[in-house]
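Fold and contact review
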Amino acid sequence: MFTNRCRFAAIILLALLVSLCLPLAVMAAGNGYAKKIVIFDTNIVNEPARQAIIHGAGGVIVKPLPLVDGVAVLLPEPAVAALTAHAGVIRVDDDIEIYATGKPSQPSQPPQPPQSLPWGIARVNAPTAWDISVGMGVKVAVLDTGIQLNHPDLAANIAGGYNATNPVRSPSDGNGHGTHVAGTIAAANNSIGVVGVAPQARLYAVKALGNSGLGTLSDVIEGLTWCIDNGIQVVNMSLGASTDNETFHNAIIKVYEAGITQVVAAGNNGGGYGSGTGAVDYPGAYPEVIAVSAIDSSNRFAVFSSAGPAVDLAAPGVNVLSTYIKSGYATMSGTSMATPHVTGVVALRLASHPGESPDQVKAVLQSTAVDLGLSTDQQGAGLVNAYAAVTAP
Ligand code: CA
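Please read these numbers as outputs of a predicted model, since none were measured by experiment.

Conventions we followed
Residues numbered from 1 in each chain as written. Predicted model: local features only at pLDDT ≥ 70, side-chain atom pairs only at ≥ 80, totals over all residues. Heavy atoms only, no water. Pairing = 2+ DSSP bridges. Helix = DSSP H or I, 4+ residues; strand = E, 2+ residues; numbered from the N terminus. Donors = N, O, S within 2.8 Å, 3.2 Å for Na, K, Ca; no water. Buried < 20%, exposed > 50% of the residue type's maximum accessible area, 1.4 Å probe, protein only. Phe/Tyr/Trp six-rings, centres within 6.5 Å; stacked < 30°, edge-to-face > 60°. Salt bridge = Lys/Arg side-chain N within 4 Å of Asp/Glu carboxyl O.

1. Here's the deal with the sheet that holds strand β5 (residues 97-100)
Across the sheet, three strands lie side by side as β10-β5-β12; this open sheet has antiparallel pairing. Of all strands in the sheet, those bounded by a partner on one side alone are β10 (214-216) and β12 (239-240). Note that β5 and β10 share three bridges and pair antiparallel. The residue bridging I98 from the neighbouring strand is G215, located in β10.

Listed below in structure tokens is the structure:
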């Protein structure tokens, strides 16, 4: 029951929300405002002082990013230089655009087909590993466009999630990319659809990309913060950006220091390493993650895959069948599709070797990988091998 006082308070709160939200909506349309992340020296400026500095520069706070001692803001373009020079401000970074690294697809629709084994699941030797580990209970986050939470071949393994793009909404997937990634990690081993590498892992949908497949660095950082706060053990990032960003790297280091293994797509900048194109995206290029390139069903290097010294492992990424939105299934290609094969193997490994650090997990997966005879820049240590990874000491 609302008392009059409660009703009054609610009206005031509503008015405040409207007054706070309207400028955001106007500014988000463009009009000379830039999306930035301001990093503070927390020894010099406290929380109220940080707000005052942003407001004094004519900016509006979008969300706090305590993981990196920063805040995401909308800032008038002319104010950036002065803010950068402000005492207590370490840096003003671009809140860069982050994109999903999958290719367009042709979805099929229900009714549910009988279960088939996608070629990539067999190629990484997952079925032979299931006698030893099915990834039981390992907490895997899919940082992506969300997941279709009630997909008939995923629902049994969906354990929770968070929507960093809009925290009051569920992390459901309006794109298909995240649902496809989730199925390769942990589609259920039942009578329908497909089966994932780790068919009893616990999936957490962390929506940091919009339904367009695009998102912002600040939402990715908020999603990573959620992973740390919720005891996630391995996070799949089938996403990237073409530019290096110090704030992004610092966030990745914090996740690494929290003991979470991060598996990241190398990117789809193919065209051949050494040609000036084809470099590994960020955060795939950072040393704290496992960066994954893509091969096809003939073990050839995928023409679209990024390559370079940052590549750690290769995995199946061409014509990959997995779950899709609207309770469907789809064949997709991309380093986005290769990455969850490795994430699934990490889950298999952690189920039988809980507590291994990101460096230990990476070392085991690399030492047990299969040499495909490709260059190190293309395959890293080689094709990930689930059976060898779970049976290694
Ligand atoms: Ca299935």
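2. Notes on the coordination of the calcium ion
Q115 (OE1), D153 (OD), D153 (OD), A188 (O), N190 (OD1), I192 (O) and V194 (O) make up the full set of protein donors to the calcium ion, lying at 2.2 to 2.7 Å. Sequence spacing of the donor residues for the calcium ion, all on one chain, is Q-x37-D-x34-A-x1-N-x1-I-x1-V. Judged by its relative accessible area of 31%, N190 falls in the partly exposed class. Residue classification places I192 among the buried positions, given a relative accessible area of 18%.

3. Some points on the pairing of strand β7 (residues 139-144)
Where burial is concerned, most of β7 is hidden: five out of the six residues are buried. Relative to strand β9 (residues 202-207), β7 is paired through six bridges, and the arrangement is parallel. Among the inter-strand pairings, A141 is bridged to a residue of β9, identified as Y204. Here three bridges tie β7 to strand β11 (residues 234-237), and the two strands are oriented parallel to one another. Bridge assignment links V140 to a residue of β11, and that residue is V234.

4. Regarding the packing of aromatic side chains
Taken as a whole, this structure holds four aromatic pairs when the rule is applied. Seen in terms of ring centroids, Y162 and W226 are 6.2 Å apart; in terms of plane orientation they differ by 10 degrees. Their pairing is stacked. Here W226 lies in helix α7 (residues 217-229) and Y162 lies in strand β8 (residues 158-163), a separation of 64 residues in the sequence. Seen from their ring centres, F248 and Y286 are 6.5 Å apart, and the 75 degrees between their planes marks the pair as edge-to-face. In this pair, F248 is assigned in helix α8 (residues 246-257) and Y286 in the loop between β13 (261-265) and β14 (290-295), connecting sequence segments 38 residues apart. Its relative accessible area of 0% is what places F248 among the buried residues. Judged by its relative accessible area of 4%, Y286 falls in the buried class.

5. Observations concerning the pattern of salt bridges
On inspection of all chains with the given rule, the structure shows nine salt bridges. For E246, the salt bridge identified is with R91, shortest N-O distance 3.4 Å. Here E246 is found in helix α8, whereas its partner R91 is found in strand β4 (residues 89-94), with 155 residues between them in sequence. Residue E246 is classed as partly exposed on the basis of its relative accessible area of 45%. R91 sits in the buried class, given a relative accessible area of 13%. For R300, the salt bridge identified is with D296, shortest N-O distance 2.8 Å. Take R300: its relative accessible area is 52%, and that puts it in the exposed class. Its relative accessible area of 11% is what places D296 among the buried residues. Put simply, K63, D219 and E222 are held in one network by salt bridges that share partners.

Interpretation note: all reported values are geometric properties and have no functional meaning in isolation.
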